[in-house]
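What follows is each chain in one-letter form.
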Amino acid sequence: RLVHLDLKGAAPRAQYLERVLPLLRALGATGLLLEYEDTFPYTGPLELLRAPHAYSPAELRALLSQARAQGLDVVPLLPFPLQFVLKHREFAHLREVAALPNALNPHKEEALALVRAMIDQVMALHEDLQWFHIGCDEVYYLGEGEESKQWLQQQDNTPEKLCLSHIKAVATFLASSYPTVTPIVWDDMLRGMSEETLAGSGVPQLVQPMIWDYAADIDVEGKVQLIEKYRRCGFSRVWFASAFKGATGVNQSLTPTGHHLRNQLEWLRVASRSPPDALQGIALTGWQRYDHFSVLCELLPVAIPSLAVCLQALKNGGYSEKVKENVEKLLGMSNLEIDTFMSTSLGTFPGSNILTLVTQVSFYLKSSVDELLERNRYVTGWFSPYHRKRKIIHPIIMLHFQPDAVSLLSKWNAVVQDLQAAMEQVFHKCAIEEWMEENVHPSLQKLQQVVDDLDEA
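Residues numbered from 1 in each chain as written. Predicted model: local features only at pLDDT ≥ 70, side-chain atom pairs only at ≥ 80, totals over all residues. Heavy atoms only, no water.

*Asks:* Help me out: how do you make sense of the environment of Ala243 in this one?
*Replies:* One can find Ala243 in strand S7 (residues 238–245). When residues no more than four places from it in sequence are discounted, the contact partners of Ala243 are Tyr214, His260, Asn263, Gln264, Thr285 and Cys310. (Helix = DSSP H or I, 4+ residues; strand = E, 2+ residues; numbered from the N terminus. Contact = heavy atoms within 4.5 Å.)

See the structure below:
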């Protein structure tokens, strides 16, 4: 049971992750799937890939050693296609399609050399790895570059073979350089391929596919058939991938625990109908962005109750009142709501104060400001955009809503200050800035502007 930490946005400080690891272990995790992206401390020619808030080698070593001490296996994930690499001008010449940072050009030897260099640097910081996830999902535009188009004109060449040859090149490098490590790939590019194409590619002998589906109503029968197909093609084992956050809305700020619990229960149904020796494990994904360029979805501390429910359901083979009580005990929460976003108790898990404050902001900030500015008749009738622009207002009318506006602004400023302080314990400045600009500033600035306009009027 691997917990996926997607570090391509709002990457938590290393100290926070170290505090969370014992909780993950207690909840039933047996490993971590670490998607570093630009938070890995690359060196040499790759140093420009590091984000300003990337972990230092010392921080990573401490984190990995803490994971080992907790008995958690670590599986690094390098997300090929490499959007976070190909966005840089220095690597733009390695794109499949010149204008798009979506896929590597698989025909360039330099592209494969880049992949090898990245794998080598990640491997150098990790000990005793059993698996290495090489991504390979949603490789859009593969086959649309000029060199690929020429390659595809040759007899028997197909887009499927192009994709498989790229996976094979990366997996073969891993197998020859690190023979004890098994590569894992996302399975979405493989699903639609024929058994003959897959079996003849040599890929099934090199990698283990990770079948992902984050829906609350999985096609169980279809998944069982897919597993059987992969087995017939020669794949030794398969992985499942469920989700505990980041899969229900690109700018979601609160986690719908009920949806994610139902997703795990569906995967348990698939597991119960699969050959017992087919399944290697399951990764509970927790996406932080839908891709490298999208906004942030739910922050990790906000989703910890969902993660706890999902892990415990998988560990116990289902969800019951007893499991719920155990989750509440481990999180220090007196009442855990699965099907509403409201948590009536604060909790004692690391970052629980962030969950409480984010819940407040998500539920009430925009609605309270809209209530005052769009549904208060004194504002809409006597302080409309026309009046505000000319700074005119009847003095008596001010008494009807200026005190409310000032008090609402000071209330929200206090909440946001508390949230900022709580987030600083967990996140770097850039993540806090981004989250505030997306979720807080639009409403707060509207309110501030009205208060300022009232003063001037």
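*Asks:* Help me understand helix H12 (residues 352–374), please; the structure alone is not making it clear to me.
*Replies:* Along an α-helix, a turn takes 3.6 residues, which lines up residues three or four apart on a common side. End to end, H12 covers 33 Å across 23 residues, agreeing with the expected 33 Å (1.5 Å per residue, within 8%). Helix geometry: H12 is bent most strongly at Tyr364, by close to 35°. (Expected span 1.5 Å × (residues − 1). Bend = angle between axes of the 7 residues up to and from the residue.)

*Asks:* When you look at the pairing of strand S5 (residues 182–186) in this model, what are you seeing that I'm missing?
*Replies:* Walk down a regular strand and you will see the side chains alternate between the two sheet faces. Within S5, four of the five residues are buried, which leaves it mostly tucked inside the rest of the structure. By the bridge criterion, three bridges tie strand S4 (residues 131–133) to S5 in an arrangement that is parallel. Within S5, the residue paired with Phe132 across the bridge is Pro183. As paired strands, S5 and strand S6 (residues 208–212) are joined by three bridges and run parallel to one another. Of the residues in S6, the one forming a bridge with Ile184 is Gln208. In this view, the connection linking S5 to its parallel neighbour S6 by way of helix H7 (residues 195–201) has right-handed handedness. (Buried < 20%, exposed > 50% of the residue type's maximum accessible area, 1.4 Å probe, protein only. Pairing = 2+ DSSP bridges. Right-handed = clockwise from strand over helix to strand, strands pointing away.)

*Asks:* Would you mind showing me how to read the side chain of Thr255 here?
*Replies:* Position of Thr255 relative to the elements: it lies in the loop between S7 and helix H9 (257–272). Apart from the residues within four sequence positions on either side, Thr255 is in contact with Phe244, Lys245, His260, Glu298, Val302, Ala303, Ser306 and Phe341.

*Asks:* How should I be thinking about the pairing of strand S2 (residues 31–35) in this particular structure?
*Replies:* Of all five residues in S2, five are buried, a share of seventy percent or more. Burial of S2 is two-sided: the residues Gly31, Leu33 and Glu35 facing one way and the residues Leu32 and Leu34 facing the other way are all buried. Of the strand pairs in this sheet, strand S1 (residues 2–6) and S2 are connected by five bridges, and their pairing is parallel. When the sheet's bridge partners are listed, Leu2 is paired in S2 with Gly31. Traced from S1 through helix H1 (residues 14–27) to S2, the parallel crossover comes out right-handed. Inspection of the sheet shows S2 paired to strand S3 (residues 73–77) by five bridges, in the parallel sense. Residue pairing across strands places Leu32 opposite Val74, the latter belonging to S3.

*Asks:* Can you help me understand the domain arrangement of the protein chain in this one?
*Replies:* Size of an interface, as often reported, equals the accessible area lost when the parts are brought together. As assigned here, the protein chain comprises domain 1 (2–331) and domain 2 (352–456). Taking the mean C-alpha position of each, domain 1 and domain 2 sit 39 Å from one another. Where domain 1 abuts domain 2, roughly 1600 Å² becomes buried across the two surfaces, and 69% of that area is made up of carbon and sulfur atoms. Contact with domain 2 buries area across many residues of domain 1, yet Arg13, Leu254 and Leu299 alone supply 34% of it, more than any other trio. Viewed at the interface, domain 2 and domain 1 are joined by one salt bridge. (Domains from an automatic or database assignment. Buried area = accessible area lost by both parts, 1.4 Å probe. Salt bridge = Lys/Arg side-chain N within 4 Å of Asp/Glu carboxyl O.)

*Asks:* Is there a simple way to think about the packing of H12 against helix H17 (residues 441–456) in this case?
*Replies:* Helix-helix packing: each pair is described by the crossing angle between the helix axes and the interaxial distance. Remark: H12 packs on H17, axes separated minimally by 9 Å, with the N-to-C direction vectors making an angle of 30°. Taken as a pair, H12 and H17 cross one another with a handedness that is left-handed. Contacts between H12 and H17 pair Leu365, Lys366, Val369, Asp370, Leu372, Leu373 and Glu374 from the former with Ser443, Leu444, Lys446, Leu447 and Val450 from the latter. For the contact of H12 with H17, a count of residues per class yields seven nonpolar, one polar and four charged. (Axes fitted to C-alpha atoms, helices over the stretch in contact; angles between N-to-C directions. Left-handed = near helix turned anticlockwise from the far one by under 90°. Nonpolar A, V, L, I, M, F, W, Y, C, P; charged D, E, K, R; others polar.)

*Asks:* For this particular structure, what's the right way to read the pattern of salt bridges?
*Replies:* Tallying each qualifying case throughout the model produces 22 salt bridges. Between Asp187 and Arg191 there is a salt bridge, and its shortest N-O distance comes to 2.9 Å. Looking at Asp187, the relative accessible area reads 0%, which means it is buried. A salt bridge links Asp277 to Arg231, with the shortest nitrogen-to-oxygen separation between them at 2.9 Å. Of the two residues, Asp277 is situated in the loop between H9 and strand S8 (279–286) and Arg231 in helix H8 (residues 220–233); the sequence distance between them amounts to 46 residues. If you follow the salt bridges from partner to partner, you end up with Lys366, Asp370, Glu374 and Lys446 in one network.

*Asks:* Explain the side chain of Gln288 here, please?
*Replies:* In this fold, Gln288 is placed in the loop between S8 and helix H10 (300–316). Gln288 gets classed as buried once you look at its relative accessible area, which sits at 2%. Within the structure, the side chain of Gln288 is placed 2.8 Å from the backbone oxygen of Cys297, a separation counted as a polar contact. (Polar contact = N/O pair within 3.5 Å; in protein donor to acceptor, adjacent residues only side chain to side chain.)

*Asks:* Could you clarify how one ought to interpret the packing of aromatic side chains in this entry?
*Replies:* The way to describe two aromatic rings as a pair is by their centre distance and the angle between their planes. Taken as a whole and judged by the stated rule, the model has 11 aromatic pairs. Ring centres of Trp131 and Trp239 lie 5.1 Å apart, and the angle between their planes is 90°; this geometry places the pair in the edge-to-face category. Here Trp131 is found in strand S4, whereas its partner Trp239 is found in strand S7, with 108 residues between them in sequence. The interplanar angle of 40° and the centroid separation of 6.1 Å between the aromatic rings of Phe383 and Phe401 together place this pair among those described as tilted. Here Phe383, found in the loop between helix H13 (377–382) and helix H14 (385–390), pairs with Phe401, found in helix H15 (residues 395–424); they are 18 residues apart in sequence, far enough to count as distant. (Phe/Tyr/Trp six-rings, centres within 6.5 Å; stacked < 30°, edge-to-face > 60°.)

*Asks:* Just checking my understanding: could you explain the state of the cysteines for this structure?
*Replies:* As used in these notes, a disulfide is a covalent bond between sulfur atoms, one from each of two cysteines. The final tally for this structure, using the stated rule, is zero disulfides. No disulfide involves Cys233; its sulfur sits 14 Å from the nearest other cysteine sulfur, which is in Cys163. Here Cys430 stays unpaired: no disulfide links it, and the sulfur of Cys297, its closest cysteine neighbor, is 16 Å away. (Disulfide = S-S within 2.5 Å.)

*Asks:* How should unusual backbone geometry be read in this particular structure?
*Replies:* A negative phi angle characterises most non-glycine residues, just as the trans form characterises most peptide bonds. Here the phi dihedral of Ala10 falls at roughly 45°; this positive angle occurs in a residue that is not glycine. Of note, Ala10 is situated in the loop between S1 and H1. By relative accessible area, which is 7% here, Ala10 ends up buried. Positive phi, close to 50°, is recorded for Asp128, a residue that is not glycine. Of note, Asp128 is situated in the loop between helix H4 (109–125) and S4. A residue is classified by how much of its surface remains accessible, and Asp128, at 72% relative accessible area, is exposed.

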